[in-house]
Amino acid sequence: MIVISDTTPIISFLKINHLDLLEKLFGEVQIPKGVFAELTENPRFLEESKIVQACDFIKVVEDIDEDYVTLLRRSTGLDLGESEAIYLSDNGKADLLLMDEVRGREVATRMGIKIMGTIGILGIAYQDSLISKDEIKAAVETLRDAGRHISERLYEQLMNMIKNS
């Protein structure tokens, strides 16, 4: 399975101390060089940067068509990491793109790319018995406290899925 990730899902799983779930669920996770730069070049997040750089299952993909990415950015208003992740998903024939940002998800969906966000990942981790209901509740609270917008509707869908499984 080829899985590509944008920046936000990786940051989210770093924040909740469950980056390991990505490896357990997907094995290797590929990220474009722009996402790697976003994850590792901010001096405010040195510890997180070290964690990402030490992850054997996160593979940085350097081979990016810059013209494609520039055109995608201009036509959609997406940032570099999102655009590169969509490029890799579209051209690398990825099975799944991990992305949370609404605009990026809309563009990817229109292009026929299968997407999943942080909440969806938590849901399948629960179904695979990798995380408990209480851990999911704590994770969502941590993400919300950190300023991540998680709609009440999406949260309720996750809780209903957990109740019914």
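J.: What am I meant to see in the packing of helix 5 (residues 66–76) against helix 6 (residues 80–91) here?
T.: For any two helices packed against each other, the geometry comes down to the angle between their axes and how far apart the axes lie. At a minimum axis separation of 9 Å, helix 5 and helix 6 run at an interaxial angle of 120°. Considering their axes alone, helix 5 and helix 6 lie oblique with respect to each other. Taken as a pair, helix 5 and helix 6 cross one another with a handedness that is right-handed. Where helix 5 approaches helix 6, its residues Glu66, Tyr68, Val69, Leu72 and Arg73 are matched on the opposing element by Leu80, Ser83, Glu84, Ile86, Tyr87, Asp90 and Asn91. Looking at the contact of helix 5 with helix 6 residue by residue, the class counts come to six nonpolar, two polar and four charged.

J.: Even after reading the chapter, I still don't get the pairing of strand 2 (residues 29–32), so can you show me in this structure?
T.: Within a regular strand, the side chains alternate between the two sheet faces. Residues Val29 and Ile31 line one face of strand 2 and the alternating positions Gln30 and Pro32 line the opposite face, and both faces are buried. Pairing between strand 2 and strand 3 (residues 58–61): four bridges, direction parallel. Across the sheet, residue Gln30 finds its bridge partner in strand 3, namely Lys59.

J.: Would you mind going over the pattern of salt bridges with me for this structure?
T.: Side-chain pairs of opposite charge can arise whenever the charged atoms involved come near each other. The tally for this structure, following the rule as stated, stands at five salt bridges. Among the ionic pairs, Arg148 bridges to Asp100, the shortest N-O distance being 3.1 Å. Of this pair, Arg148 sits in the loop between helix 9 (133–145) and helix 10 (152–163) while Asp100 sits in the loop between strand 4 (96–98) and helix 7 (102–110); the two residues are 48 residues apart in sequence, bridging distant segments of the chain. Each member of the pair, Arg148 as well as Asp100, carries the same accessibility label: buried. Its salt-bridge partner being Arg144, residue Glu152 comes within 3.3 Å of it at the nearest N-O pair. Overall, Glu152 belongs to the partly exposed group, its relative accessible area being 43%. In this structure Arg144 comes out as partly exposed when scored by relative accessible area, which is 30%.

J.: Would you mind showing me how to read helix 7 here?
T.: Residue pairs three or four apart in sequence face the same way in an α-helix, which turns once every 3.6 residues. Those residues of helix 7 that sit buried are Gly104, Val107 and Ala108. Down the axis, helix 7 shows its buried residues gathered within 95° of arc, on one side only. Counted as exposed and oriented over 90 degrees from the buried face of helix 7: Val102 and Arg110. On the buried face of helix 7, the contacting elements are helix 5, helix 6, strand 4 and strand 5 (115–116). Once helix 7 finishes, Gly112 follows within two positions and takes phi at roughly 85°, a positive value.

Conventions we followed
- The written sequence of each chain sets the order in which its residues are numbered from 1.
- Owing to the predicted nature of the model, reporting of local features is limited to residues with pLDDT of at least 70; listing and counting of side-chain atom pairs is limited to 80 or more, with chain, interface and lining totals taken over all residues.
- Based on all heavy atoms of the structure, the side-chain values leave hydrogens and waters out of the count.
- All axes are obtained by fitting lines to C-alpha atoms, using only the stretch in contact for helices, and the reported angles, taken between N-to-C directions, cover 0 to 180 degrees.
- Working definition: helices are DSSP H or I runs of at least four residues, strands are E runs of at least two. Numbering for both runs from the N terminus.
- We call two directions roughly parallel when the angle between them is under 35 degrees, roughly antiparallel when it is over 145, roughly perpendicular when it lies between 65 and 115, and oblique otherwise.
- Crossing handedness is read from the near helix: turned anticlockwise from the far helix by less than a right angle, it gives a left-handed crossing, and turned clockwise, a right-handed one.
- Contacts were defined at the residue level, with two residues in contact if any of their heavy atoms lie within 4.5 Å.
- Lys, Arg, Asp and Glu make up the charged group, whereas Ala, Val, Leu, Ile, Met, Phe, Trp, Tyr, Cys and Pro make up the nonpolar group; the residues left over, Gly among them, are polar.
- Accessible area is worked out with a 1.4 Å probe on protein chains only. A residue is then buried under 20% of its type maximum, exposed over 50%, and partly exposed in between.
- For two strands to count as paired, DSSP must find a minimum of two bridges between them.
- A carboxyl oxygen of Asp or Glu within 4 Å of a side-chain nitrogen of Lys or Arg is what we treat as a salt bridge.
- Read the arc as the range of directions from the helix axis to the C-beta atoms.

Shape is all these values report; function is a separate question.
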